[in-house]
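Commentary on secondary and tertiary structure
The primary structure of each chain is shown beneath.
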Amino acid sequence: MTRYEPDSVDGTLFLSAEDDRIEIGAIDDIVDVIGDETHSIEYDQTQRTQPWLETDDGVLEIDVRETVTTLPHTEETVSELREYDMETERYGLPRRTVEFADRLTTVLEQQGTDASSDERQQ
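Predicted, not measured: the structure shown is a model, and the values here were computed from it.

What counts and what doesn't
Residues numbered from 1 in each chain as written. Predicted model: local features only at pLDDT ≥ 70, side-chain atom pairs only at ≥ 80, totals over all residues. Heavy atoms only, no water. Helix = DSSP H or I, 4+ residues; strand = E, 2+ residues; numbered from the N terminus. Buried < 20%, exposed > 50% of the residue type's maximum accessible area, 1.4 Å probe, protein only. Contact = heavy atoms within 4.5 Å. Lys, Arg positive; Asp, Glu negative; His and termini not counted. Salt bridge = Lys/Arg side-chain N within 4 Å of Asp/Glu carboxyl O. Pairing = 2+ DSSP bridges. Axes fitted to C-alpha atoms, helices over the stretch in contact; angles between N-to-C directions. pLDDT = per-residue confidence, 0-100. Parallel < 35°, antiparallel > 145°, perpendicular 65-115°, else oblique. Left-handed = near helix turned anticlockwise from the far one by under 90°. Nonpolar A, V, L, I, M, F, W, Y, C, P; charged D, E, K, R; others polar.

1. A look at the overall build of the protein
A tally of helices and strands in the protein yields 5 helices and 6 strands. Ordered by position from the N terminus, the helices and strands of the protein form the series β-β-β-α-β-β-α-β-α-α-α. When each of the 122 residues of the protein is scored for burial, the buried share is 34%. Taking all contacts inside the protein whose residues are at least 6 apart in sequence as the whole, residues at least 24 apart take part in 53%.

What follows is the structure, encoded as C-alpha cells:
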C-alpha cells in the first residue's frame, strides 16, 4: 500500500508518494479549520491503563502543526481528497484544505473520547 508523506513547502502542505504529489493547502489554514495549535484528546478510565499513554489526567494534547506535517496518509485518503478542488468560493478556504482538516480531526477524535463531543451529547 502506498503511503503519502507530508511535505511542507513555504507553509503549504503537500502529500507525496513516489512520483505523485497533491497540494492540500496552507498549513495555517488547516490549523485555523481545526481550531487551534493544539487539539485535546480525552481518554476514559479504561483507555488510561494503556502502557503507551503517558498522561495523568487522561488528556493528551496534540500539536496540530506537528501532526499535520508528520502524519502519513493512505492512498485511499489521497484519492478521496483529489475529488475536492482548491476553489475558495464555498468556505473562503480551499475546499480540499477544509476536507483534509475535517478528516484529520476525525482521526484524532477516534483516538479517545473527545471532551467537546461529550459536551454536545449532554
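Don't stop here, the text continues.
2. Focus on the side chain of E99
Tracing the backbone through its elements, the reader meets E99 in helix α4 (residues 95-109). Of the buried charged residues, E99 lacks a salt bridge, with R95 as the closest side chain of opposite charge at 4.1 Å. For E99, the contacting residues outside a window of four places in its chain are L81, Y84 and Y91.

3. Topic: the sheet that holds strand β1 (residues 3-9)
Strand order in the open sheet formed by 4 strands is β3-β2-β1-β6, and the pairing between neighbours is antiparallel. The strands lining the two open edges of the sheet, one partner per strand, are β3 (20-26) and β6 (73-74). Examined bridge by bridge, β1 and strand β2 (residues 12-17) share 5 bridges and lie antiparallel to one another. Each residue of the ladder has a partner; that of D7, found in β2, is F14. Packed on one face of the sheet, helix α1 (residues 27-34) meets β1, β2 and β3 and runs near 60 degrees to β3.

4. Some details on the confidence of the model for the protein
When pLDDT is averaged across the protein, the result is 83; 77% of the residues are at 70 or more. Least confident of the elements in the protein is helix α5 (residues 115-121), whose mean pLDDT is 40; most confident is β2, at 98. Contacts for the low-pLDDT stretch residues 114-122, under 50 throughout, to residues beyond four places or in other chains number 8 contacts.

5. Thoughts on the environment of V31
Structurally, V31 is set in helix α1. For the pair formed by V31 and V98, sequence separation is 67 residues and the distance between their alpha carbons is 10.0 Å. Those residues within four positions of V31 in sequence are excluded, and the remaining contacts are D36, E37, V64 and R65.

6. Some words on the packing of α1 against α4
Two elements in contact, α1 and α4, have axes separated by 9 Å at closest approach and are oriented at 55 degrees. Compared by their axis directions, α1 and α4 come out oblique. Regarding α1 and α4, the two cross each other, and that crossing is right-handed. Where α1 approaches α4, its residues D29, I30, V33 and I34 are matched on the opposing element by T97, V98, F100, A101, D102, L104 and T105. When grouped by side-chain class, the residues that make up the contact of α1 with α4 number 7 nonpolar, 2 polar and 2 charged.

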